[in-house]
Amino acid sequence: MSTNHALQQAYDALAAGYEANRGRFDMQPVLNDVFALLPAQSGALLDLGCGAGEPVAKAFIERGWAVTGVDFCAAMLALAAREVPAMQTILADMREVAFAAGQFDAVTAIYSLFHVPCDEHPTLFARIHDWLRPGGRLLFTYATAEYTGAEHFDGWKSFMGQRLYYSHTTPQALREQLQAVDLCPEHVTLREIGGERFLWVTARRD
C-alpha cells in the first residue's frame, strides 16, 4: 500500500470521528498572531491540507478573505462543504496542484506539511513562494524531535487511533530550506496545542 493511500484511509477514519474531536485543538492564539502580520483588509488564502476547514479556513472567511482549500481526502472535503461552504475546495495532493504566480496573500499548511516526505519540502516551498504575492505569509506546522523523538524522522506514528506518516529534518535545516527560496522565517515557535508539541512557523515572501 502506498504512503498516500494509507494516509487517505487514515484520514477517512479520522473524518468519521470529526464531531467528537473538533474542539480538541485551540488555534486561536496562533491565528491571532498571524492576522496581526497580515493586511487589515481581506485577501486570498490558500490552505494546503485544509481538512474540514476549521478553524483555519473558517477564521479567514469570517474576516472576509477568499479561501481555496486543497486536500487529498474526499471525506474531509465533504465535511468542509458542510462546515465552511464558502471555501472553494480542490481534491488533490498539495504537491500536484498548480496556481498562477502571485495569486495569494497567505498560504497555510496546518498539520499537513509533515505528512509530505521532507526531501520534497524544498520544491514545495519554492512553489509556495511563487504563489505568494510580495509581502505574503506562509504559516505551517513542522514536526521535530519533540514529537517524533529523532532529529531526522521518516516513518509512522499513532494519532487518535490511526497510523500517520511523518517526515522532518532539523529546525536549522528547515530555516535554510526556506531562506534558499527567499522565504524569510519570522517566527519559529514551539507550541503545545491539544497535547501535541510542534514548531509553528511563519515566513514572509519579500
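Residues numbered from 1 in each chain as written. Predicted model: local features only at pLDDT ≥ 70, side-chain atom pairs only at ≥ 80, totals over all residues. Heavy atoms only, no water.

Engineer: So what's going on with the nonpolar core? Residues and values would help.
Structural biologist: Phe60, Tyr111, Leu164, Tyr166, Phe198 and Trp200 are the most contacted members of the largest nonpolar core, which has 42 residues in total. Broken down by secondary-structure element, the contributors of at least two residues to this core are helix H1 (3-16), helix H3 (28-37), helix H4 (56-62), helix H5 (74-83), strand S6 (153-159), strand S7 (162-168) and strand S9 (196-205). The biggest single contributor to this core is H1, with five residues. Apart from the residues within four sequence positions on either side, Phe60 is in contact with Leu31, Val34, Phe35, Leu38, Leu45, Trp65 and Val67. Judged by nonpolar contacts, the second largest core, of 28 residues, contains Met94, Phe104, Val116 and Leu174. (Core = buried A, V, L, I, M, F, W, Y, C linked by side-chain atoms within 4.5 Å. Buried < 20%, exposed > 50% of the residue type's maximum accessible area, 1.4 Å probe, protein only. Helix = DSSP H or I, 4+ residues; strand = E, 2+ residues; numbered from the N terminus. Contact = heavy atoms within 4.5 Å.)

Engineer: Describe H3, with residues and values.
Structural biologist: All of the buried residues in H3 are Val30, Leu31, Val34 and Phe35. For H3, the angular spread of buried residues about the axis comes to 135°, placing them on one side. Buried residues in H3 make contact with H4, strand S5 (132-142), strand S8 (183-193) and S9. (Arc of directions from axis to C-beta.)

Engineer: Which residues make up the environment of Ala74, and what values do they have?
Structural biologist: With respect to the secondary-structure elements, Ala74 resides in helix H5. Under the relative-accessibility criterion, Ala74 is labelled partly exposed at 47%. C-alpha separation for the pair Ala74 and Gln8, spaced 66 residues apart in sequence, amounts to 8.5 Å.

Engineer: Break down the environment of Thr202 for me, with residues and values.
Structural biologist: One can find Thr202 in strand S9. Measuring from C-alpha to C-alpha, the distance between Thr202 and Leu139 comes to 4.6 Å, with 63 residues separating the pair along the chain. For Thr202, the contacting residues outside a window of four places in its chain are Val34, Leu37, Arg137, Leu138, Leu139, Cys184, Pro185, Glu186 and His187.

Engineer: Give a description of the sheet that holds strand S2 (residues 66-71) that names residues and reports values.
Structural biologist: The strand order across the open sheet formed by seven strands is S3-S2-S1-S4-S5-S9-S8, and the pairing between neighbours is mixed. Each edge of the open sheet is held by one strand with a lone partner, namely strand S3 (88-91) and S8. Neighbour-to-neighbour, the strand axes of this sheet turn through a mean angle of 15°, independent of strand direction. Examined bridge by bridge, S2 and S3 share four bridges and lie parallel to one another. Counted as the bridge partner of Thr68 is Gln88 from S3. Along the sheet, H5 makes contact with S2 and S3, crossing S3 at roughly 170°. On top of the sheet, helix H8 (residues 171-180) reaches S5, S8 and S9; it is set at about 145° to S8, its chief contact. (Pairing = 2+ DSSP bridges. Axes fitted to C-alpha atoms, helices over the stretch in contact; angles between N-to-C directions.)

Engineer: Run through H8, naming residues and quoting values.
Structural biologist: What H8 keeps buried is the set Leu174, Gln177 and Leu178. Within H8, the buried residues cover an arc of 95° as seen down the axis, which keeps them to one side. Buried residues in H8 make contact with helix H6 (121-131), S5, S8 and S9. Where H8 terminates, the next one or two residues include Asp182, which has phi positive at roughly 65°.

Engineer: Any chance you could break down the side chain of Arg205 for me, citing the residues and the numbers?
Structural biologist: Here Arg205 shows up in strand S9. Here Arg205 sits buried without a salt bridge, and the closest side chain of opposite charge, Asp130, lies 5.5 Å off (N-O distance). A distance of 2.6 Å separates the side chain of Arg205 from the backbone oxygen of Leu132, its partner in a polar contact. Among all residues touching Arg205, those that are not within four sequence positions of it are His129, Asp130, Leu132, Arg133, Pro134, Gly135, Gly136, Asp182 and Leu183. (Lys, Arg positive; Asp, Glu negative; His and termini not counted. Salt bridge = Lys/Arg side-chain N within 4 Å of Asp/Glu carboxyl O. Polar contact = N/O pair within 3.5 Å; in protein donor to acceptor, adjacent residues only side chain to side chain.)

Engineer: Tell me what's going on with the pattern of salt bridges, and back it up with residues and numbers.
Structural biologist: Close approach of charged atoms allows side chains with opposite charge to pair. Enumeration over the complete set of coordinates arrives at nine salt bridges. A salt bridge links Arg137 to Glu186; the nearest nitrogen and oxygen atoms lie 2.9 Å apart. In this pair, Arg137 sits in strand S5 while Glu186 sits in strand S8, placing the two residues 49 residues apart along the sequence. Bridged by salt links that share partners, the residues Asp93, Arg95 and Glu120 form one connected network.

None of this, on its own, says anything about what the molecule does.
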